[in-house]
Amino acid sequence: MTSRIIAFVDGSVYAASVCAHAAWAARRLGASVDLVHMLGDRAPPASDLSGSLRLGARTALLNELAASDEQRARLMQAKGRAILEDARAILAEADVADVTMTLRHGDIVETVAAREGSADLLVMGKRGEAADFAKLHLGSNLERIVRASTRPILVAARAFRPVTRALIAFDGGPSAQKAVDLAARSPMFEGTAFRLVIVGDDTPRLRADLDAAAASLGAAGRPAEAELHPGQPDAVLSAMIEAEGFDLLVMGAYGHGRLRRLVIGSTTSEMLRSCKVSVVLTR
């Protein structure tokens, strides 16, 4: 069965990076790419205007508003088609030809639920068009999809960089083990140099978990440097990525112990907000 990637594109500065990451993954996996642009919910009809208007004036205004809504809908569809065409052109330049385009109304989480069953990977940007860059807010759609999706998600940073070195954040939990399994078996990571890191207290159990994960990678022919560091996970991992020039962070979407708050909690991970590289999340 042919691998399939779903890439969500919008009008944000992340769109080109999403396409570049989708192209990288598609070439590695031999996958097709389904480009999806969400138009959002249709605007509600303007039928609740004040009854103080006389019938003729109200009818004329309603007609004008309806025409305005139709014009806006046409413009949004035209914009969406242009975004999809631009995205397909980027993929074509990257030698990815098996591409479909979908322009869809509705809720993005419902779209993911309906389409992800046959997908191997979702790709989307860290922030959408409405994100507040000054406050480093993540896109609300990203937070919702991380919680709802069952597939690995590649969260694209603002710029693509070839993936030669990846940091795997490990904590011994089931979600993190899936991250290790993905790193061990996926063609996406062929030839990638790995660093496997646990951030926490140096206990026999964590050492055993670290050794077992490293052995799993080694058995798959993808050996990793394995390290255990004290401290807070977000601070330690961010500093390591910055100082050592990793291209990608791989981690579980549901943390175990202190790592849990990095991704699932009242807000999405400080790790996702602050680190400057792309992140692969597994469930």
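Residues numbered from 1 in each chain as written. Predicted model: local features only at pLDDT ≥ 70, side-chain atom pairs only at ≥ 80, totals over all residues. Heavy atoms only, no water.

Some thoughts on the overall build of the chain
Spelled out, the test is: What counts as a helix is a DSSP run of H or I of at least four residues, what counts as a strand is a run of E of at least two, and both are numbered from the N terminus. Only protein chains enter the accessibility calculation, which uses a 1.4 Å probe. A residue is then buried if its area is under 20% of the maximum for its type, exposed if over 50%, and partly exposed in between. Working rule for contacts: check all heavy atoms of both residues, and any pair within 4.5 Å makes them a contact.
Each helix and strand in the chain was counted, giving 9 helices and 10 strands. In the chain, buried positions account for 46% of the 283 residues. If you take every contact in the chain between residues at least 6 apart in sequence, the share linking residues at least 24 apart comes to 80%.

Some remarks on the packing of aromatic side chains
For clarity, the cut-off: Stacked, tilted and edge-to-face are the three classes assigned to paired rings of Phe, Tyr and Trp, where Trp is represented by its six-membered ring and a pair needs centres within 6.5 Å; plane angles under 30 degrees give stacked, over 60 edge-to-face, the rest tilted.
Per the stated rule, a full pass over the model turns up 2 aromatic pairs. For the pair Phe-189 and Phe-194, a centre-to-centre distance of 5.8 Å together with 65° between the ring planes defines the contact as edge-to-face. Given a relative accessible area of 0%, Phe-189 falls into the buried group.

Considering the pattern of salt bridges
What counts is decided by this rule: Salt bridge, as applied in this entry: a Lys or Arg side-chain nitrogen positioned within 4 Å of an Asp or Glu carboxyl oxygen.
Tallying each qualifying case throughout the model produces 10 salt bridges. The closest approach of N and O atoms between Arg-144 and Asp-107, which form a salt bridge, is 2.7 Å. Here the residue Arg-144 occupies a position in helix 4 (residues 140-148), and Asp-107 occupies one in the loop between strand 3 (99-105) and helix 3 (108-115), the gap between them amounting to 37 residues. Residue Asp-107 is classed as partly exposed on the basis of its relative accessible area, which comes to 22%. Across the salt bridge formed by Arg-207 and Asp-202, the nearest N and O atoms sit 3.0 Å from each other.

Comments concerning the pairing of strand 1 (residues 4-8)
Note the following rule: Note on pairing: DSSP must find at least two bridges between two strands before they are called paired.
For strand 1, the tally of buried residues reaches 5 of 5 residues, placing the bulk of the element in the interior. Direction of pairing for strand 1 relative to strand 4 (residues 121-125): parallel, over a ladder of 3 bridges. Bridge pairing links Ala-7 to Val-123 in strand 4.

Here's the deal with unusual backbone geometry
The phi dihedral of Asp-95 is positive, around 65°, even though this residue is not glycine. The residue Asp-95 is located in the loop between helix 2 (55-93) and strand 3 in this model. Under the relative-accessibility criterion, Asp-95 is labelled exposed at 68%.

Things to note about the side chain of Ser-186
Inspection of the secondary structure assignment puts Ser-186 in the loop between helix 5 (174-185) and strand 7 (193-199). Discounting residues that sit within four places of it in the chain, Ser-186 has contacts with Leu-29 and Arg-222.

Things to note about the packing of helix 5 against helix 6 (residues 204-219)
In plain terms, the rule: All axes are obtained by fitting lines to C-alpha atoms, using only the stretch in contact for helices, and the reported angles, taken between N-to-C directions, cover 0 to 180 degrees. Each angle receives one of four descriptions, namely roughly parallel if under 35 degrees, roughly antiparallel if over 145, roughly perpendicular if within 65 to 115, and oblique otherwise. Crossing handedness: left-handed means the near helix sits turned counterclockwise from the far one by under a right angle, and right-handed means the same turn made clockwise.
It is at 8 Å that the axes of helix 5 and helix 6 come closest, and there the two elements cross at 20°. It follows that helix 5 is roughly parallel to helix 6 by the angle criterion. Where helix 5 crosses over helix 6, the two elements pack in a sense that is right-handed. For the pair helix 5 and helix 6, the contacting residues are Val-180, Asp-181, Ala-183 and Ala-184 in the first and Ala-213, Ser-216 and Leu-217 in the second.

A look at the environment of Val-277
Its place among the elements puts Val-277 in the loop between helix 9 (270-274) and strand 10 (278-282). It is 8.4 Å that separates the C-alpha atoms of Val-277 and Arg-161, two residues lying 116 residues apart in sequence. Residues within four places of Val-277 in sequence aside, it is in contact with Lys-126, Ala-157, Arg-161, Ile-241, Phe-246, Asp-247, Leu-248 and Leu-249.

Topic: the nonpolar core
This is how it is decided: Buried residues of nine kinds, namely Ala, Val, Leu, Ile, Met, Phe, Trp, Tyr and Cys, make up a nonpolar core once their side-chain atoms join them within 4.5 Å.
Grouped together as the largest cluster of nonpolar side chains are 50 residues, with contacts concentrated most on Ile-5, Val-33, Leu-35, Phe-189 and Leu-196. A per-element tally of this core places helix 1 (residues 15-29) first, with 8 residues. The contacts of Leu-196, once residues within four sequence positions are left out, are Ile-168, Phe-170, Val-180, Leu-210, Ala-213, Ala-214, Leu-217, Ala-224, Glu-225, Ala-226 and Glu-227. The next biggest cluster of nonpolar side chains, apart from the first, holds 33 residues, and it includes Val-112, Leu-142, Val-199 and Ile-241.

Digging into helix 3
For clarity, the threshold we go by: Read the arc as the range of directions from the helix axis to the C-beta atoms. In protein, a polar contact requires one atom able to donate a hydrogen and another able to accept it; more generally it is a pair of N or O atoms within 3.5 Å, and residues adjacent in sequence count only if both atoms are side-chain atoms.
Within the sequence span of helix 3, burial applies to Ile-108, Val-109, Thr-111 and Val-112. Along the axis of helix 3, the buried positions cluster into a sector of 160°, meaning they face one direction only. In helix 3, the exposed positions angled more than 90 degrees off the buried face are occupied by Glu-110, Ala-113 and Ala-114. The opening residue of helix 3 is Asp-107, an N-cap whose side-chain oxygen sits 3.0 Å from the backbone nitrogen of Val-109.

Some thoughts on helix 7 (residues 233-244)
Side chains of residues three or four places apart in an α-helix project in the same direction, reflecting 3.6 residues per turn. To keep things clear, this is the line we draw: In this analysis, the expected span of each helix is defined as 1.5 Å times one less than the number of residues it contains.
For helix 7, spanning 12 residues, the distance from its first C-alpha to its last is 16 Å, which sits close to the expected 16 Å at 1.5 Å a residue. A positive phi of about 70° marks Gly-245, the residue just after helix 7.

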